[in-house]
Amino acid sequence: MTRSAADGPAGPASRGRSRRNFAGSRPVMDDVAKLAGVSKQTVSRVLNDHPAVRAETREAVRAAMRTLGYRPSSSARSLASGRTRMLGVISFDAARYGPASTLTAINTAAQEAGYLVSSIALDTADRDTVVRAADRLSAEGADGVIAIAPQVRVARALAEAHLDTPLVVMDNELGDGTPMVTSDATTGARKATRHLLSLGHPTVHHLAGPTGWTSADRRAESWRATLEAAGAEVHTPLIGDWSADSGYDLGRELAKDPSVTAIFVSNDQMALGVLRALYEAGRRVPEDVSVVGYDDIPEAAHFLPPLTTIRTDFTDIGTISLRILLNRIDSPSTPGSPLTVVPVDLCVRHSTTGPRRQGRQGRPGRQG
């Protein structure tokens, strides 16, 4: 005779039983069903939070799981839901602070939602590579995909991949209504440039990120528009590659020009290189040259001097992207917002001040 589910693992038939009864093999769904006195289908329903399960039956199944040390596999979960509980992420330049922080946030939020994440980090953004990555995630049965698409050509390749699974992209629109999440680069660059102008600098020089990167292009465009609106002179921006090395090399060029009193740098790593170049040239920061970075990496507050920068909440970007993707998976027919813009903030530290009067030259070793 079969026990009732209400007896659960604490009932007479189950006293003294423990997970060591199954020490020879990993417990499976059948073991849980037998111990809880229910069918395998009921166990599956509990795993997938089916509403048509009585509370006492649900608790009996969960108690049996705890007793046995049962951990449901993704295949077991997918029996009733038709889902793999796996999400895909396609990323580029994943070693940089922004993408790495976003990926960490996605993984954390996915884990809390009961999903695993399969990440593909690509070194190149050519069409074939992007399409192969998308095809691989589709073949793995990803319930949805988040793509960090920092360049226009990446977005074009994603659009051509025709993914048959819910998709959320970052930074670039696909033009087909696919939800996009991005930080407010236009406002960020405007805040950085206006801050320097408000301190009394006649103009602001710009060290931009690589051409073709959407965030770099937006920042450069906003910097230019802000200067033009203020009637300030617009100098040709220098183009870096996001690295501190490129910031240092280009910073040495800027340091040679005594008329340069303010520099807006498109990310904090390049700003670090600029600070070193100015120091070696005897240009004090901020007394001789004010510097503003972008991103607010954790080390920015410990630069010499501490760096004024635009703070981007990459954790928020990753979490929001994951939430939008899960909503698309759960309600594919419900239209969502095609664009989500995450705000940024100006974080003022000690690398900016008003321009000093001309006449005395700074000395190395005396940064503020």
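Quick caveat, the model's predicted, so the values are computed rather than measured. (Residues numbered from 1 in each chain as written. Predicted model: local features only at pLDDT ≥ 70, side-chain atom pairs only at ≥ 80, totals over all residues. Heavy atoms only, no water.)

Q: How would you summarise the packing of helix α1 (residues 29–36) against helix α3 (residues 55–68) if you had to cite specific residues and measurements?
A: Between α1 and α3, the shortest axis-to-axis distance is 9 Å and the interhelical angle comes to 120°. Considered as vectors, α1 and α3 are oriented oblique to each other. At the point where α1 passes α3, the crossing takes the right-handed sense. Of α3, the residues touching α1 (which contributes Asp 31, Val 32, Leu 35 and Ala 36) are Ala 60, Val 61, Ala 64, Met 65, Thr 67 and Leu 68. For the contact of α1 with α3, the class distribution of residues is 8 nonpolar, 1 polar and 1 charged. (Axes fitted to C-alpha atoms, helices over the stretch in contact; angles between N-to-C directions. Helix = DSSP H or I, 4+ residues; strand = E, 2+ residues; numbered from the N terminus. Parallel < 35°, antiparallel > 145°, perpendicular 65-115°, else oblique. Left-handed = near helix turned anticlockwise from the far one by under 90°. Contact = heavy atoms within 4.5 Å. Nonpolar A, V, L, I, M, F, W, Y, C, P; charged D, E, K, R; others polar.)

Q: Can you explain the layout of surface pockets? Please cite residues and give values.
A: What the largest pocket holds in volume is close to 230 Å³. Lining the largest pocket are 13 residues, and of these Arg 328, Thr 334, Pro 335, Gly 336 and Ser 337 lie nearest its centre. Element by element, the count of residues in the lining of the largest pocket is highest for helix α12 (residues 314–330), at 3 residues. Taken together, the residues of the lining of the largest pocket break down into 5 nonpolar, 7 polar and 1 charged. (1 Å grid on protein atoms, 1.4 Å probe; cavity = no way out; pocket = protein on both sides within 12 Å on 5 of 7 lines; lining within 4 Å. Points joined across faces, edges and corners; volume = space filled by probe spheres on them.)

Q: So what's going on with the environment of Asn 107? Which residues, and what values?
A: Mapped onto the elements of the fold, Asn 107 is located in helix α5 (residues 97–112). Distance from Asn 107 to Ser 118, taken between C-alpha atoms, is 9.4 Å for residues 11 residues apart in sequence.

Q: Residues and numbers for empty space enclosed by the protein, please.
A: As enumerated under the stated definition, the model contains 1 cavity of 30 Å³ or more in all. Size it by volume and the largest cavity reaches roughly 310 Å³. Lining the largest cavity are 21 residues, and of these Arg 96, Pro 99, Asp 171, Ser 215 and Phe 314 lie nearest its centre. If you list the elements that add at least two residues to the lining of the largest cavity, you get α5, β5 (180–183), α9 (214–230) and α12. For the lining of the largest cavity, the residue count by class is 11 nonpolar, 5 polar and 5 charged.

Q: Let's hear about the pattern of salt bridges: which residues, and what values?
A: One pass over the full model with this rule turns up 9 salt bridges. Between Glu 56 and Arg 54 there is a salt bridge, with the nearest N and O atoms lying 3.1 Å from each other. Its relative accessible area of 39% is what places Glu 56 among the partly exposed residues. On the basis of relative accessibility, which here comes to 53%, the residue Arg 54 falls in the exposed class. Across the salt bridge formed by Glu 59 and Arg 66, the nearest N and O atoms sit 2.8 Å from each other. Among the ionic contacts, a cluster of salt bridges with common partners joins Arg 284, Asp 288 and Arg 356. (Salt bridge = Lys/Arg side-chain N within 4 Å of Asp/Glu carboxyl O. Buried < 20%, exposed > 50% of the residue type's maximum accessible area, 1.4 Å probe, protein only.)

Q: Quick rundown of the sheet that holds strand β1 (residues 86–92)? Include the residues and the values.
A: Here 6 strands make up an open sheet; going across it, the order is β2-β1-β3-β4-β5-β11 and the pairing parallel. At either margin of the open sheet sits one strand with a lone partner, and together these are β2 (116–122) and β11 (339–342). Averaged over neighbouring strand pairs, the angle between their axes works out to 15° when direction is ignored. Pairing analysis gives 2 bridges linking strand β4 (residues 167–170) to β5, with the strands arranged parallel. Bridge pairing links Met 170 to Val 181 in β5. (Pairing = 2+ DSSP bridges.)

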